[in-house]
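# Survey of secondary and tertiary structure
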Amino acid sequence: MSFRQFVFRNVIRNKRTYSAYFLSSSFSVLIFFVYALFIFHPDIKKGVTAATAVQLMTAAEVIMYVFSFLFVFYSVSTFLKTRKREFGILIMHGMTRGQLVRMVFLENMIIGIGAIILGIMMGIITGKLFLMIGSNMLGIKSLPFYLSPKALCLTIIAFFVLFFCISLFTTVLVQVNKLIDLFQSGEKPKKAPKVSIILSLLSAILLFVSYYLAATTTLKTILFRILPVIGMTIVGTYFFYTQLSVFIIKLLQKNRLIFWKKTNIVTISSLAYRLKDNANMFFMVTIVSTVAFCAIGTLASSNAVNREIKTDYPATVSYIAQDHNPIHEQHLREIKEEFNKRNLSYKSTNVAIKVVKVHDNSQEKPKLQIDQMPVISFSSYKKMSKLAGFDVDEKALVGNEARLMLASHLKIDLKPQSYTIQQGNITLDHLQSTKNIVFPYEMILSEGLVVSDELFRKLKPVKTEMYTGFYTKSLPETAGMASNLVEKGMAFPNEKNTYSMIVSGTLYANQMSMYKMMLFVALLVGLVFFVAAGSFLYFRLYSDLEYDTRQYLTIKKIGLTDRELNSIVTRQMALLFFVPIVVAFVHSIFAFIALQTFYTVSIVRETVIVLACFFIAQLLYFFIIRSRYLRNLKKSLI
């Protein structure tokens, strides 16, 4: 048997340990190759949407490549630490350090090349499926399968260089100690885990403060808080696993009612060592999982865009004529004809808008000095609200009563305002905002007024504008309407035009197209992160199999039953699998609470769906690994 055959068979013998690492690496190659198929596809570079998609996928390639490098390096480094006994046996039989280094290098390259081959083969097999899904999510014409030589070469070269560099670098980590140390590496009794009360308290404080800042953030403070919160969360999470979790286990050991109950003495005692030994792995799994949950959850909340647009843009088509030019009547006829051509039922209304001179009485100097404001009557506001499908439970305004018209995102932290209408010197104090949005934000220059019908009739405006709103329930079907009058769904007055117009269906289509692109990219990257996190857990579990076998074999001699063994292993594995995921869930929930500040509609449903899907996937993975681990463990105990 040649040296290369020996190395190859050595990899095959350890297939159970290497399987999760190998499959995770193959999955990374697969996703990288799929992105490359998109980037180099000859039909995808047509149009703005496709160009943006290519940029996003290129960024995802870089992120995933860097992550793959760190993942492979950590995995290989950890493998070396668990193979000291094997190295001792080989050295005792005459293997030199040079041959040992060469063996480690060749093993890594065999696994790496195998992962590249399997990943590309799976990419070729599933490429058409990914192209179909991606085309649908990007809103472009279905892409035919095209095996780009550039995509193939990029994937092979990129990951060959990655595995070569890591294999070369990890040979430096191969240390040949004394044979006695190598043989006893897996048998030496573990030292009792030590814990620092100060660092445990620091972990609790950092996590509590970061959660509090995330939960109380507002649209104004989120940009200032995001970096400190991320930093405190990362540091707090690290000390949670290395210090606080062990401190909690020690407290449980002092509680006799819990510690001495049935098999808890075995479970809890072993758990303290497992938490300390696997602290770095738990930390990485938590951070990686949190990034995956937040990336996918943030973009999955794009479903809220539909509700957000319906709130901010109540009319499907909004049109304001600033003068009495006959061209406006022609535009309105064109809009009605297009509704009819698309077989869309609609309701319309005409509302007079008076622009009056005002004075801002706010004590704080406003960023934007307003001297003119659009004004509508309360009856017009009520009519527009009902056409938009909103409830109107506000009392009718009388006399000099008025309310502010604001877009939804400007209603956050709104303080009562005070304005004076210069005509008649009418002061409107402590103005609250209207409950409903009836005008798009862009059309009323940030703010407007709703006044009583009586006051509206008295006002003599600087100018009068006419608003026409078209309302329909088929928002997505109005995308692209009146494209000759608007650009990307919006048009505003300029030297040539004296009208402003917004088509909310087009805005919705543009936003959803962007969100879907980002979701498609984040979904695949997030899956790579999630699979890698599962690989870490799988590897740590099987790396401790030999130690667990000796431990349970000893306990079994004094009467441990199979049922008790199943109970102990299940509880320990459940903690191993779900503690990092639960912590990542908690991190993600507070991240979503902070994200909620960007929306006026709730994203709770989307958040729950994303986290539930990940939890179900982790649960299935847990049951699969548990059954395999128990089977292998019981075989070793026979």
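Below is a summary of the structure that appears in this document. Note that the structure is predicted; figures quoted are calculated from it, not measured. (Residues numbered from 1 in each chain as written. Predicted model: local features only at pLDDT ≥ 70, side-chain atom pairs only at ≥ 80, totals over all residues. Heavy atoms only, no water.)

## Examining the overall build of the protein chain
For clarity, the threshold we go by: Here a strand is any run of E in DSSP of at least two residues, a helix any run of H or I of at least four, and the numbering for each starts at the N terminus. Classification of residues uses two cut-offs on accessible area relative to the type maximum, computed with a 1.4 Å probe and protein chains only: under 20% is buried, over 50% is exposed, and between them is partly exposed. When checking whether two residues touch, look at their non-hydrogen atoms; a contact exists if any pair is within 4.5 Å.
Within the protein chain, the secondary structure is distributed over 20 helices and 10 strands. Counting over 638 residues, the protein chain shows a buried share of 48%. When contacts within the protein chain are restricted to residue pairs at least 6 apart in sequence, those whose partners lie at least 24 apart make up 82%.

## Some points on the pairing of strand E2 (residues 347-360)
For clarity, the cut-off: One bridge is not enough; two strands pair if DSSP finds at least two bridges between them.
Bridge count between E2 and strand E8 (residues 463-471): 9 bridges; the pairing is antiparallel. Residue Lys347 lies in a different strand from E8, and its bridge partner there is Tyr471. Looking at chain direction, E2 and strand E3 (residues 372-377) are connected through 4 bridges and run antiparallel. Residue pairing across strands places Lys357 opposite Gln372, the latter belonging to E3.

## Quick notes on the packing of aromatic side chains
How two aromatic rings sit relative to each other is given by the distance of their centres and the angle of their planes. Stated formally: The pairing test for Phe, Tyr and Trp rings, Trp by its six-membered ring, is centres within 6.5 Å, and the orientation test on the planes gives stacked under 30 degrees, edge-to-face over 60, and tilted for anything in between. Cation placement over rings: the criterion is NZ of Lys or CZ of Arg within 6 Å of the ring centroid and within 35° of the ring normal.
Counting across every chain of the model gives 21 aromatic pairs. Measuring from ring centre to ring centre gives 6.3 Å for Phe160 and Phe164, while their planes differ by 15 degrees; the resulting arrangement is stacked. On the criterion of helical spacing, the pair formed by Phe160 and Phe164 is a turn pair, its members being 4 residues apart in helix H6 (residues 149-170). Judged by relative accessible area, Phe164 falls into the partly exposed class, the value being 33%. Taking 5.7 Å as the distance between ring centres and 65 degrees as the angle between the ring planes, the aromatic pair formed by Tyr238 and Phe239 counts as edge-to-face. Phe239 sits in the buried class, given a relative accessible area of 19%. One aromatic cluster is present, formed by Phe578, Phe585, Phe615, Phe622 and Phe623 through successive ring pairs. Over the ring of Phe456 we find Lys354, and its NZ or CZ is 4.6 Å from the ring centre.

## Let's talk about the pattern of salt bridges
Using the following cut-off: Salt bridges are counted wherever a side-chain nitrogen of Lys or Arg sits within 4 Å of a carboxyl oxygen of Asp or Glu.
Tallied over the full model, the rule gives 4 salt bridges. Salt-bridge contacts for Lys435 lead to Asp393; the nearest nitrogen and oxygen are separated by 3.1 Å. One end of the pair, Lys435, is in the loop between strand E6 (426-431) and strand E7 (448-451); the other, Asp393, is in the loop between helix H15 (378-387) and strand E4 (402-405), with 42 residues separating them in the sequence. For Lys458, the salt bridge identified is with Glu454, shortest N-O distance 3.6 Å. With Lys458 and Glu454 both in helix H16 (residues 453-458), this residue pair falls 4 residues apart, about one helical turn. We classify Glu454 as partly exposed; its relative accessible area is 40%.

## Regarding the environment of Ile309
Among the secondary structure elements, Ile309 is positioned in helix H13 (residues 303-312). Between the C-alpha atoms of Ile309 and Pro440, which are 131 residues apart in sequence, the distance is 9.6 Å. Not counting the four nearest positions on each side in its chain, Ile309 is found in contact with Pro314, Leu475, Ser504, Leu507, Tyr508 and Gln511.

## Quick look at a nonpolar patch on the surface
Here is the rule we go by: By definition, no residue in a patch forms a salt bridge, and every one has over 30% relative accessible area; like charges are joined within 9 Å, nonpolar side chains (Val, Leu, Ile, Met, Phe, Trp, Tyr) within 5 Å. Accessible areas in this description were obtained via Shrake-Rupley with a 1.4 Å probe; residue shielding takes into account the shown protein chains only.
On the surface, a nonpolar cluster with roughly 600 Å² of combined accessible area is contributed by Ile113, Ile117, Met121, Ile156, Phe160, Phe164 and Leu168. Elements with a contribution of two residues or more to the nonpolar patch: helix H5 (97-138) and H6. Mapped onto the elements, Leu168 comes out in helix H6.

## Some words on the pairing of E7
Judged by which residues are buried, E7 turns out to be covered on both faces: Gly448 and Val450 on one side and Leu449 and Val451 on the other are all buried. Across 3 bridges, the pairing between E3 and E7 is parallel. Bridged to Ser377 within E7 is Val451. Bridge count for E4 against E7 is 4 bridges, and the pairing is antiparallel. Bridge assignment links Met405 to a residue of E7, and that residue is Gly448.

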